[in-house]
Amino acid sequence: MAALTRLLRASATPSSNCLFSTVVRRGISSLSSEADRKPPSSPPVGPLPLRKDQKERNVQWVFLGCPGVGKGTYAGRLSRLLGVPHIATGDLVREELSSSGSLADELSGIVNQGKLVSDEIIISLLSKRLEEGETKGESGFILDGFPRTLRQAEILEGVTDIDLVINLNLPEDVLLKKCLGRRICGHCGGNFNVACIDIKGENGKPGIYMAPLLPPPECASKLITRADDTEEVVKERLRIYNEMTRPVEEFYRRRGKLLEFDLPGGITESWPKLLRALNLVDHDSKQSAAA
Ligand SMILES: [Zn+2]
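All of these numbers come straight from a predicted model, not from anything done at the bench. (Residues numbered from 1 in each chain as written. Predicted model: local features only at pLDDT ≥ 70, side-chain atom pairs only at ≥ 80, totals over all residues.)

A. Main features of the overall build of the chain. From N to C terminus, the chain includes 14 helices and ten strands. Put simply, the chain has 291 residues, and 28% of those count as buried. Sequence separation of at least 24 residues holds for 73% of the intrachain contacts in the chain that already meet a minimum separation of 6. (Helix = DSSP H or I, 4+ residues; strand = E, 2+ residues; numbered from the N terminus. Buried ≥ 20, exposed ≤ 12 C-beta atoms within 10 Å, placed from the backbone. Contact = placed C-beta atoms within 7 Å.)

Given below as structure tokens:
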């Protein structure tokens, strides 16, 4: 693990790292005071002229947020924009299970018994993945779904440096409505959402608007709801998150690495604001808005 840390540290070129930390530090200071309630009157750092420059930077980011908030979507988009891998620990477990890797047998035993995969196994899979990425010349990563507990956050500190932790926030009633509105087409597997969220801003709090994602006519009669998208299950997932993962926010807040981001709505409303908060420019955003 120490070798990995050295490896990752050594890979960060001083110039790109320096530029990046300036941008991030300014991003954090401008946001923590205003908590994204209102856009800063002038951007702390001018828009970056070239996407190429963004790719050259070393990004070691973590996405936090309640289940259903959209971490995977935003982490995926940012990883494509910045040219760094989006690493979801759930995917690492699934990949290892389907491989002939050294942990595959142990993992299938754990998963078949319905047990939770231990922090040690997750960290070991993650370390292996980061090392492989380093060998391939990856310039960073965006983690999604990790660290999930305070203990994992502490272990991660010994494995690699995290520059920035983006905490995506949505009120719980909105999350619940959004999760209960999820539908899948039983025929083509398409994902839709029938919930229309339209909360008016009041008492200085901004409103939240999320348009439904309605299916095309050919799917409309074939929609099914996932068995675990019930109010009871969603509330239980939120309870576990509050108990296990909320302390992780405080862990990174104390280290000055937490960027709070209140989602103003769906991807159309949120993506441009998230980019502004991170001082990034997506030149393809118009073309890729539907992606
Ligand atoms: Zn369909």
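Picking up after the structure, the text goes on.
B. Representation of the environment of Arg-226. Structurally, the position occupied by Arg-226 is in the loop between strand 9 (223-224) and helix 11 (231-244). Judged by the 11 C-beta atoms lying within 10 Å of it, Arg-226 is exposed. Sequence spacing of Arg-226 and Arg-183 is 43 residues, and the spatial spacing of their C-alpha atoms is 7.1 Å. When neighbours within four sequence positions are excluded, Arg-226 is seen to be in contact with Arg-182 and Ile-184.

C. Inspection of unusual backbone geometry at higher detail. For the bond from Phe-146 to Pro-147, the omega torsion is 0 degrees, close enough to zero to count as cis. Checked against the element boundaries, Pro-147 lands in the loop between strand 3 (140-144) and helix 8 (150-159). With a phi angle near 50 degrees, Asn-203 is a residue other than glycine that sits in the positive phi range. Along the chain, the position of Asn-203 falls in the loop between strand 7 (197-199) and strand 8 (208-210). Residue classification places Asn-203 among the exposed residues on the basis of 4 C-beta atoms within 10 Å. You will see that Asn-279, though not glycine, has its phi angle at about 55 degrees, which is positive. Within the secondary structure layout, Asn-279 lies in the loop between helix 13 (267-277) and helix 14 (285-288). The exposure class assigned to Asn-279 is buried, which follows from the 20 C-beta atoms found within 10 Å.

D. Region of interest: the sheet that holds strand 10 (residues 258-262). Across the sheet, which stays open at both edges, the five strands sit in the order 2-3-1-4-10 with parallel pairing between neighbours. In this open sheet, the two strands that pair with only one neighbour each are strand 2 (86-88) and strand 10. Sheet twist, expressed as the average angle between the axes of neighbouring strands with direction ignored, equals 25 degrees. Relative to strand 4 (residues 164-169), strand 1 (residues 59-65) is paired through five bridges, and the arrangement is parallel. Within strand 4, the residue paired with Phe-63 across the bridge is Ile-166. (Pairing = 2+ DSSP bridges. Axes fitted to C-alpha atoms, helices over the stretch in contact; angles between N-to-C directions.)

E. Structural context of the sheet that holds strand 5 (residues 182-185). What the three strands build is an open sheet, ordered 6-5-9; its pairing is antiparallel. At either end of the open sheet lies a strand with only one pairing partner, and these are strand 6 (191-193) and strand 9.

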